[in-house]
Amino acid sequence: MEIAFWQILFLTVYAFVAQLDALSLQISLGNPLMAGFVTGLIMGNIPMGLTVGATLQLMVLGVATYGGATVPDFMSAAVIGTAFAIISGQDVEFAIGIALPIGLLLTQLDILARLSNTYFQHRADRYAEDGNADGVARMNLMGIIPWGLSRAIPVFLGLYFGSEVVKAITAYLPQWLMGGLKVAGGILPAMGVAILMRYLPLKKFYPFMIIGFVLAAYLKVSLIGIALIGFAVAAAYLFLKNELKPQTEGGDIDD
Amino acid sequence: MTDAKVEKKVTKRDLVSVFWRTILGLQMGWNYEKMQGLGYCFAIMPILKKLYKSKEEMTRALKLHLQFFNTTPAMAHLIVGADIAMEEEYGLANEDTISGIKTGLMGPFAGIGDTVFVAIYRTIVFSVASYMALQGNVIGALIPVIPAIAIWWVRYEFTIIGYEQGRRIAVGFANQLKQLTEGAAILGLTVIGGLAPAVVKANVPLVFKSGEVELKVQDMLNNIMPSMVPMAIVLLSYWLLGRKGFNSTKLIIFLLVLGVVLYNLKILG
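Every residue gets a number counted from 1 within its own chain, in the order that chain's sequence is written. Following the order in which they are written, the chains are lettered starting with A and the ligands numbered starting with 1. Note on the predicted model: pLDDT of at least 70 is required for a residue's local features to be given, and 80 or more for side-chain atom pairs to be given and counted; whole-chain, interface and lining totals, by contrast, use all residues. The basis for the side-chain values is all heavy atoms of the structure; hydrogens and waters are excluded.

Participant: So, the overall build of chain B: which residues are in play, and what are the values?
Facilitator: A run of H or I in DSSP counts as a helix once it spans at least four residues, and a run of E counts as a strand once it spans at least two, with each numbered from the N terminus. Of the regular secondary structure elements, chain B holds eleven helices and two strands. The linear arrangement of helices and strands in chain B, starting from the amino end, is α-α-α-α-α-α-α-α-β-β-α-α-α. Here the globule rule reads 2.2 Å times residues to the power 0.38, and the radius of gyration is calculated from C-alpha atoms. A globule of 269 residues ought to have a C-alpha radius of gyration of about 18 Å, yet chain B, at 26 Å, is considerably larger. Along the longest, intermediate and shortest principal axes, the C-alpha atoms of chain B span 100 × 35 × 30 Å. Within chain B, the proportion of its 269 residues that are buried is 57%. We call two residues in contact whenever any of their non-hydrogen atoms come within 4.5 Å of each other. Across chain B, the fraction of contacts at a sequence separation of at least 24, relative to all contacts at a separation of at least 6, is 71%. We get accessible surface area from the Shrake-Rupley algorithm with a probe of 1.4 Å; when it comes to residues, only the shown protein chains can shield them. Looking at chain B as shown, the accessible area adds up to about 11,900 Å², and 63% of this sits on carbon and sulfur atoms. Neither His nor the chain ends is counted toward charge; the positive residues are Lys and Arg and the negative residues Asp and Glu. By convention, the point assigned to a charge is CZ for Arg, NZ for Lys, CD for Glu and CG for Asp. Taking the average location of the 26 positive side-chain charges in chain B and that of its 19 negative ones, the two points are 5 Å from each other. Only protein chains enter the accessibility calculation, which uses a 1.4 Å probe; a residue whose area is less than 20% of its type maximum is buried, one above 50% is exposed, and one in between is partly exposed.

Participant: I'd like to hear about a nonpolar patch on the surface, residue by residue, with values.
Facilitator: Residues and elements named next belong to chain A. Here a patch means residues that are over 30% exposed by relative accessible area and free of salt bridges, tied together within 9 Å if like-charged and within 5 Å if nonpolar (Val, Leu, Ile, Met, Phe, Trp, Tyr). Salt bridges are identified by distance alone: a Lys or Arg side-chain nitrogen within 4 Å of an Asp or Glu carboxyl oxygen. A contiguous nonpolar surface patch, about 830 Å² in accessible area, is contributed by Phe5, Leu9, Met142, Ile145, Leu149, Ile153, Leu157, Tyr160 and Phe161. Contributions of two or more residues to the nonpolar patch are made by helix H1 (5-23) and helix H8 (144-172). Inspection of the secondary structure puts Ile153 in helix H8. Taking the relative accessible area as the measure of exposure, Ile153 reaches 43% and is therefore partly exposed.

Participant: Go over the UniProt feature "transmembrane region" (unreviewed entry) in chain A, please, and point to the residues and values.
Facilitator: Residue and element names in this part refer to chain A. UniProt positions are given in the numbering used here, feature names are shortened, and annotations may be inferred rather than shown by experiment. As recorded in UniProt, the sites labelled "transmembrane region" (unreviewed entry) are residues 25-46, 58-88, 94-113, 144-163, 175-196 and 208-240. For residues 144-163, the helix share is 100%, the strand share is 0%, and the end-to-end C-alpha distance is 28 Å. Secondary structure over residues 208-240 splits into 85% helix and 0% strand, and the C-alpha atoms at its two ends are 16 Å apart.

The structure is reproduced here in structure tokens:
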């Protein structure tokens, strides 16, 4: 199918707003899952959007900006990847294959936005010298422009100029690569899981991870069920820990 | 200085205003030089306007709050709340104390906040949501909105707690949060344990034939342990991430190549 101009425009505005949401209200517009869904909705293929969004979301589960570190932009990538797959009539694996390199590439624009804001910080410093509070406040709000554009521009350019290129490429993509990307799409969520394992106190609490694994792999409990069991186990742990505390309190506090 | 104190009272409305400004504005001016410094100054602005009427005072206050600041956005509310309480009482007399509390708290608070509000929050909310979405359920995409709005409430409470407890939050509240963090980590790790078999797809199509007997490798592996291959890939990724100089970008490339290679060797399909 062809992409209409209003669809390009809508997705461009969405990318702008979604990035601002990720920085402020965080009602999750800025996540790949929502980006895939919204794109699927606009392009008329919701199942595709959901699957692409969810797959990318699982990959980046642990990839979040800790302390302002720049991470790949999988929100914009989910928009472009989903749209291209629908335009060219390809499957989910194709969308993921497109989205991954785009997400990695867009890391640079995130850095550019953060760099551009330094200019507003300097302007604000000057306003502060004059005691101009409103000037300082205005400079903070100016940050909206680089932040929003860092997502809106690639989405617009990608969708406006990219669809013909993508169609041409897909016509020549060999089976060994397409099949390989399909397998890669299946194992890539391992990354999100692995990053989270690095971030959480795995060495101290690894037995709980084994519980989760057994519930899913052997007993086929759904993730919501596992989350409920995890909650119960965590509550029980804290309860028992507090119950046992009075006996140990006489000694040295090692907490 | 003390005679003017009555009219300088911070109202509930001011706190609500600061709460929204922190949510909406803390990260808008994020830059490499002062990070959330510009945003922090923006957030606390209504209080500065109320407390400091002279140009000299305002200049000092603006410069003080434009300094380097960076923490988990949700945790910033506790700090800004405590800051307001201090400035309401002492004004800019203790400039070093204000600066010290801000920089002293932002690090440890980010440690707790990144674990609770970023890592664990995302693990639980988005693994469940993505899992639903993968099954074609539209609710999966929309469900993260609900906990997100619950977090606003937490952030509002943090603003109030910070203001009411003032400087004491440094000790008391952080200890309470530590316990909560432990519980949340257990919940998070349980979900992660279930996540690998649920979402990592690695099917082995290899079949060995000897005469009439067909041996499907996948069935064999399942008899040893279900989801063995997905778990092995997760553990390999975990190990790789622990190596020096290895990051998530390299891991993406590694897994892409691994997928293509294993597909063409007909080990995975």
